[in-house]
Amino acid sequence: MRRNETKQQTLDRVLNVDGLRTMERHAAIDLDWFLALPSERRQAVWRAWPEVAKRQAIIQQFIRKHGDWSEERVEIALAHWNNRWGAELHTTEAAVLAALDDGHDRAANAEYQAIVRNDGEEVVYFAAERAAYKRARAMYRSGFRPTQQADGSWSVPSASANVTYTVTRAGVCSCQAGQNERHCTHVALVSATETGLDNLNVFDEYDIDAEYAEAAASIVRRLSAVRMHYQAA
Ligand SMILES: [Zn+2]
């Protein structure tokens, strides 16, 4: 709970998930930051941007170069960059972002319940988890991606320093928070990445042959029951 905040204000803030999403949609575009990104990250950021952000970046660039812009030129440039960098999130990216949203919202809900119960220890625990997911979402939207190593562990770049952390298969991070058994951004990022990939595999695991065989067997059972009924008559 922040100082000078009533319990109700804290509850409202914790559960203001829509507010967080709205803020992201309307965040001002930092064109210099965007242009300075390494190419892969720049493309990832572009895909994650809502269209209004893409337009804003293009308009800023036009103003910088030509002093003005027109709707028509923005439209042409938008199509060009969408074509080059991708108009929307890749399937994996959408799945990971959904898992990040989900992790964030679950932690926010648990924090909310803990505040209602006045369970101070749990409030601290879930507030830290929610904050970790919030930072992980921001990292992912800024184009940072964890990479899985041959042994199943993950390498996660730091968002601020020029370091790479390792998250083991057991979910232990080499960063300072991780080593002190506290929630960290990197574990949140890895856990959402794994969940997102698992969710995509749900389709692959669906065994249509088994279900088809079961349905066919059930029809045969019903038909033979009908046949027996008529034979008995
Ligand atoms: Zn960490």
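Residues numbered from 1 in each chain as written. Predicted model: local features only at pLDDT ≥ 70, side-chain atom pairs only at ≥ 80, totals over all residues.

Draft legend 1. Structural context of the overall build of the protein chain. Check the secondary structure of the protein chain and you find eleven helices and three strands. Its helices and strands in sequence order give the protein chain the pattern α-α-α-α-α-α-α-α-β-β-β-α-α-α, from N to C terminus. Buried positions account for 20% of the 233 residues belonging to the protein chain. For the protein chain, the proportion of contacts with a sequence separation of at least 24, taken over those separated by at least 6, is 56%. (Helix = DSSP H or I, 4+ residues; strand = E, 2+ residues; numbered from the N terminus. Buried ≥ 20, exposed ≤ 12 C-beta atoms within 10 Å, placed from the backbone. Contact = placed C-beta atoms within 7 Å.)

Draft legend 2. Inspection of the environment of threonine 92 at higher detail. Residue placement: threonine 92 occurs in helix 7 (residues 91-117). Classification of threonine 92 as partly exposed rests on a count of 13 C-beta atoms within 10 Å. Each C-alpha atom of the pair threonine 92 and glutamine 56 lies 26 Å from the other, and the pair is 36 residues apart in sequence. When near neighbours in sequence (up to four residues on either side) are disregarded, threonine 92 contacts Gly196, Leu197 and Leu200.

Draft legend 3. Representation of the sheet that holds strand 2 (residues 154-157) within the structure. One open sheet accounts for three strands, arranged 1-2-3; its pairing is antiparallel. The two strands at the open ends of the sheet, each matched to only one other strand, are strand 1 (147-148) and strand 3 (164-167). Alignment of strand 2 against strand 3, held across four bridges, turns out to be antiparallel. By the bridge assignment, tryptophan 154 is partnered in strand 3 with valine 167. (Pairing = 2+ DSSP bridges.)

Draft legend 4. Broad picture of unusual backbone geometry. At asparagine 118, a position not held by glycine, the phi torsion is positive, near 60°. Accessibility expressed as a C-beta count within 10 Å gives 9 for asparagine 118, which makes it exposed. Of note in this structure, glutamate 181 is not a glycine but carries a positive phi near 55°. Within the element layout of this structure, glutamate 181 appears in the loop between helix 9 (176-179) and helix 10 (185-205). Taking the number of C-beta atoms within 10 Å as the measure of exposure, glutamate 181 has 9 and is therefore exposed.

Draft legend 5. Representation of the nonpolar core in the model. Ranked by internal contacts, the top residues of the largest apolar core, which has 27 residues, are Leu100, Ala136, Val167, Ala188, Leu189 and Ala192. Listing elements by their share of this core, those giving two or more residues are helix 7, helix 8 (120-141), strand 2, strand 3 and helix 10. Counting residues per element, this core draws most heavily on helix 8, at eight residues. Filtering out sequence-adjacent residues up to four positions away, leucine 189 remains in contact with Ala136, Met139, Tyr140, Pro146 and Val156. (Core = buried A, V, L, I, M, F, W, Y, C linked by C-beta atoms within 7 Å.)

Draft legend 6. Molecular detail of the packing of helix 5 (residues 51-66) against helix 6 (residues 71-85). Helix 6 packs onto helix 5 with a crossing angle of 115° between their chain directions and a minimal axis gap of 10 Å. As for how helix 5 packs across helix 6, the hand of that crossing is right-handed. Contacts from Lys54, Arg55, Ile58, Ile59 and Phe62 in helix 5 reach Arg73, Val74, Ala77 and Leu78 in helix 6. The residue makeup of the contact of helix 5 with helix 6, split by class, is six nonpolar, no polar and three charged. (Axes fitted to C-alpha atoms, helices over the stretch in contact; angles between N-to-C directions. Left-handed = near helix turned anticlockwise from the far one by under 90°. Nonpolar A, V, L, I, M, F, W, Y, C, P; charged D, E, K, R; others polar.)

Draft legend 7. Region of the structure containing the pairing of strand 2. The two faces of strand 2 differ: Trp154 and Val156 on one face are buried, but Ser155 and Pro157 on the other face are not. Alignment of strand 1 against strand 2, held across two bridges, turns out to be antiparallel. Each bridged residue has a counterpart across the sheet, and for threonine 147 the counterpart in strand 2 is serine 155. What sits between strand 1 and strand 2 in their antiparallel hairpin is a turn of five residues, with glycine 152 showing a positive phi close to 95°.

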